[in-house]
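Report on the structure
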Amino acid sequence: MNADPRTIGEGRVKPFAKRKRRAMADCPHCGEPGIIRSSELVTALHRDFYFTCSDPKCGHGWKAQLSFVHTISMPSQPREGLQLPISPARSRKGDDRPAHNGDPPMIPRTAA
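Note that this is a predicted model, so its numbers are computed, not measured. (Residues numbered from 1 in each chain as written. Predicted model: local features only at pLDDT ≥ 70, side-chain atom pairs only at ≥ 80, totals over all residues. Heavy atoms only, no water.)

The next point concerns the overall build of the chain. Counting its secondary structure elements, the chain contains one helix and five strands. Along the chain, helices and strands appear, N-terminal first, in the series β-β-β-β-β-α. Taking all 112 residues of the chain together, 26% fall into the buried category. Residue pairs in contact within the chain that sit at least 24 positions apart in sequence constitute 23% of those at least 6 positions apart. (Helix = DSSP H or I, 4+ residues; strand = E, 2+ residues; numbered from the N terminus. Buried < 20%, exposed > 50% of the residue type's maximum accessible area, 1.4 Å probe, protein only. Contact = heavy atoms within 4.5 Å.)

Dropping the structure here:
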């Protein structure tokens, strides 16, 4: 019997698509899936996630962040007035929108 339910014979890991996952981050200590306990919208382009390891013997808790970096493919219906950084590769192709210059832009939260 395998100790790790994600493995299939001789320690090989199942392909990602076939793993049943409850979170998008594995515990950096034991490798088990993290469970999102809560999240907080910081800006329209940034969200903080609070994780707990799914292995009760480990018990690790951590904060992760998800932020917009740049646009890779232009939307067919862009939001009026919203100027987002675009991929540096796209900028080199002559797109007239400003290129990403480092940190993601901080856009205030809008009313839902």
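As a further point, take the nonpolar core. Note that soluble globular proteins tend to have their nonpolar side chains buried in a common cluster. In terms of nonpolar packing, the biggest core is built from six residues, these being Ala25, Cys27, Phe49, Phe51, Cys53 and Trp62. Ranked by residue count, the leading element in this core is strand 4 (residues 46–53), at three residues. (Core = buried A, V, L, I, M, F, W, Y, C linked by side-chain atoms within 4.5 Å.)

A word on the pattern of salt bridges. By the definition in use, this model includes one salt bridge. For the salt bridge of Asp48 with Lys63, the shortest nitrogen-to-oxygen distance reads 3.3 Å. Of this pair, Asp48 sits in strand 4 while Lys63 is found in strand 5 (residues 61–67), placing the two residues 15 residues apart along the sequence. For Lys63, a relative accessible area of 46% puts it in the partly exposed group. (Salt bridge = Lys/Arg side-chain N within 4 Å of Asp/Glu carboxyl O.)

A few words on the side chain of Thr43. For Thr43, the location among the structural elements is in strand 3 (residues 34–43). At a separation of 3.2 Å, a polar atom in the side chain of Thr43 contacts the main-chain amide nitrogen of His46. (Polar contact = N/O pair within 3.5 Å; in protein donor to acceptor, adjacent residues only side chain to side chain.)

Here the focus is the environment of Gln65. Tracing the backbone through its elements, the reader meets Gln65 in strand 5. With 16 residues separating them along the chain, Gln65 and Phe49 place their C-alpha atoms 6.0 Å apart. Each residue touching Gln65, except ones within four places of it in the same chain, is listed here: His46, Arg47 and Asp48. In terms of polar contacts, Gln65 uses its side chain to reach the side chain of Asp48, at 3.4 Å.

Before going further, it helps to examine a nonpolar patch on the surface. There is a patch of nonpolar side chains on the surface, built from Met24, Ile36 and Leu66 and spanning about 280 Å² of accessible area. With respect to the helices and strands, Ile36 occurs in strand 3. (Patch = residues over 30% accessible without salt bridge, like charges linked within 9 Å, V, L, I, M, F, W, Y side chains within 5 Å. Areas by Shrake-Rupley, 256 points an atom, 1.4 Å probe, with all protein chains shown as cover.)

Judged from the eight bridges that link them, strand 3 and strand 4 form a sheet pairing that is antiparallel. Bridging from a neighbouring strand, Gly34 pairs with Cys53 of strand 4. (Pairing = 2+ DSSP bridges.)

On to the packing of aromatic side chains, then. Taken as a whole and judged by the stated rule, the model has two aromatic pairs. With centroids separated by 6.5 Å and ring planes inclined at 50°, the aromatic side chains of Phe49 and Phe51 adopt a geometry described as tilted. Taken as a pair, Phe49 and Phe51 share a single burial class, namely buried. When the centroid spacing of 5.2 Å and the interplanar angle of 5° are considered together, the rings of Phe51 and Trp62 count as stacked. Remark: Trp62 occurs in strand 5 and Phe51 occurs in strand 4; sequence separation between them is 11 residues. Chaining the aromatic ring pairs together yields one cluster made of Phe49, Phe51 and Trp62. (Phe/Tyr/Trp six-rings, centres within 6.5 Å; stacked < 30°, edge-to-face > 60°.)

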